[in-house]
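# Working through the structure, step by step
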Amino acid sequence: MLEPSASPPDGLSLPEILTARARAHPDALAFRFLPDGTTDHPVDWTYLDVELRSRAVARELSRRGIEGGRVVLALDPGLDYVAALFGILRAGCTAVPSFPPFGRRAMARFLSIMVDCEPRAVLTDGRFAPQVEAFEAQYPQGTPKARWIFPDEALFQGDDTEVPPKLADPALLQYSSGSTGDPKGIVLTHENLVSNCRVLEAHTGMEPDRVGCSWLPPYHDMGLMGTIMLAVHGGWPLVMMSPVHFVQDPYRWLAALTEYRVTITVGPNFAFDLCTSSIPDEALDSLDLSSLRQVFCGSEPVSAATLERFRERFAGCGYDAASLIPCYGLAEATLFVTGKPAKSGVRRLERLDKAALGTGTAVRVDAGDASGVDVVSCGVSAVGHEVLVVDPRTARVLPDGRVGEVWVSGPNVAAGYWRRPELSTAAFGARPAGADRAGPGFLRTGDLGFVLDGELFVTGRLKDVIVISGRNLYPQDIEASVERCHGALRRCAVFSVSGAEAGEAEEEQVVVVAEYRGTAGQFAAEEESLRAAVTAAVTADHGVRPAELYVGPPGTVLMTTSGKVRRKATKAAFLEGTLKRFTVPAGSGAVR
Ligand code: 649
């Protein structure tokens, strides 16, 4: 019998593990969804609920002759999303996790995914039904049409037989959240999904009383493979809320952690900042974070300052900084690549010489040294995986302390991109120079980092690095300086333009695009002081003067669906002159 909170035996796929759990403990709580983000009206599903509802979805697919092929999953976050996901897998289909196609940008991205993956069916919100015809009219010629399924109560009721998928079969097509014009679907097998759960369990250990909580989008790798699948695999309950409810009021996350005595949770760096800055003093008394034992932080650069501010603000609520697990991963490796080992105390931090880091070497300096910068360790590699730091030009493996591209191999790594053989060979079949290794090769992550004492430190993305006079500048560091230097500036994107692109000087130049919290009138009144503050901060912190500062209203900086800054897209919009502008009565447009 499969015990709760015990690792399932080898050889089972996730839908089979769900079935085993539903048989062994039909009435145990599997998912608790908070429909309005508060703890006032939780909706609970047992393993049996998830099992029966996912079977009903599988039956409906098979009734329509859909057994195998891709099925796009574009429902709102919630319990139905989970049932539909397992239903698709159970029907032997490949799930393509997506979001409901409402809004201009979401629709454009949805269209690019639909055209690229050619699904046989799509499960989405009934409100989209009237738009299907107009939507399909945008398909390029020859694109096959999918069946549209708009789930209602009936879809989730009923029962049927199962066709267990084979472990080597594709289970998921995960679109990386980047660009709409060039969608890349990562093909993940059932084996990849189970491997990711196993290595995360090996990393965190199993606990009999584990309770998880997540507000992450279920269509992003961290929400899907990191929380929903991990919970079913491990046999512990997961409390879920929609990302929209979290962003509206970050207090709801911490309130749910308090109410349900949650032991494991996760968020990107920005979520910790949001909590620190938005939760008022009077709310602190109602929070008790003492049940938390594992708090994952990954998916974007982990900032020592963010974590320290969070600790200061919530230490009085029982938050223990030793529970924090900075981690690193990417959808091309299903999810998890490295993380701080659980129970290893407070996160490891190195203070490094900023100038040396700019030229590619990690050199330790004293804690108080003003020329230093704090870099947080993302921990050790997942069991059974190898992480290398490689010179991206020569493919030579670099010694400890040298910055290079992060390469990964192991069972979490996907086979490749959907229908993109050349791109797949380049990204997934890399081999270090001089090494005579057999096997499937390494994944080139496109991320930069270094290893010290067996731990990975991620410093940025190869494509985003700005090189000025032979010095490497990391845009996220400059962005942090800009956001810090003036209270009314939120979110910004930093990139470089070459002389040719700007139609002027030869040198690379730094451009800052930032969002201003306030009206156009307020901005006009303080524009001059704001420009001075940004120039002073960037020059002092990074020794380079921004050539241009573009300020617009919220929404100016382009973001991915998972909340990452899209620097390349923001740069393109900047060069095309299509960035969002303040609407001002006299029609003077954006202020540049
Ligand atoms: C990163 C995913 C990291 C991502 C997460 C383990 C309830 C609660 C918790 C729980 C279970 C239930 O961003 C995932 C590992 C979670 C365990 C949860 O346990 N994927 S992505 O494909 O969208 O983007 C990948 C890119 O993001 C950047 C890199 O550029 C990477 O290529 N990135 C980081 N950059 C800097 N520092 C880091 N630590 C980064 N992590 C990802």
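None of these values were measured; they are calculated from a predicted model.

Conventions we followed
Residues numbered from 1 in each chain as written. Predicted model: local features only at pLDDT ≥ 70, side-chain atom pairs only at ≥ 80, totals over all residues. Heavy atoms only, no water. Phe/Tyr/Trp six-rings, centres within 6.5 Å; stacked < 30°, edge-to-face > 60°. Helix = DSSP H or I, 4+ residues; strand = E, 2+ residues; numbered from the N terminus. Buried < 20%, exposed > 50% of the residue type's maximum accessible area, 1.4 Å probe, protein only. Lys NZ or Arg CZ within 6 Å of the ring centre and 35° of its normal. Near = heavy atom within 4 Å. Polar contact = N/O pair within 3.5 Å; in protein donor to acceptor, adjacent residues only side chain to side chain. Areas by Shrake-Rupley, 256 points an atom, 1.4 Å probe, with all protein chains shown as cover. Pairing = 2+ DSSP bridges.

### Describing the packing of aromatic side chains
In the structure shown here, the tally under the stated rule is 25 aromatic pairs. Judged by centre distance (6.0 Å) and plane angle (75 degrees), the rings of Phe102 and Phe128 are edge-to-face. Separated by 26 residues along the polypeptide, Phe102 in the loop between β4 (94–97) and α4 (104–117) and Phe128 in the loop between β5 (121–124) and α5 (132–136) bring together distant segments of the chain. Note on Trp148 and Phe150: the rings are 6.4 Å apart at their centroids and 20 degrees apart in plane angle, and the pair reads as stacked. Look at Phe150 and you get partly exposed, because its relative accessible area is 29%. Here the aromatic cluster, defined as three or more aromatic residues joined through ring pairs, consists of Trp215, Phe246, Trp253, Phe270, Phe272, Phe310, Phe314 and Tyr319. Here the guanidinium or amino end of Arg127 rests over the ring plane of Phe102, the centre of that ring lying 4.6 Å away.

### Describing the site of the ligand
Around the ligand, a shell composed of 30 residues is seen, among which Asp221, Cys327, Ala331, Asp447 and Lys564 lie nearest. A distance of 2.7 Å separates a nitrogen atom of the ligand from a polar atom in the side chain of Asp221. In the environment of the ligand, an oxygen atom lies 2.8 Å from a nitrogen or oxygen atom belonging to the side chain of Lys564. Look at the ligand: alone it shows 870 Å² of surface, and the protein chains cover 95% of it. It is helix α7 (residues 221–234) that provides the largest number of residues to the shell around the ligand, a total of five residues.

### What about the sheet that holds strand β2 (residues 43–46)?
Strand order in this open sheet of nine strands is β2-β1-β10-β9-β11-β12-β13-β14-β17, and the pairing throughout is mixed. A strand with exactly one partner marks an edge of an open sheet, and here the two such strands are β2 and β17 (380–381). For strand β1 (residues 29–34) and β2, the ladder comprises four bridges, and the chain directions are antiparallel. Opposite Phe33, over in β2, you have Val43 as the bridge partner.

Everything listed is a geometric property; what it means functionally is a separate question.
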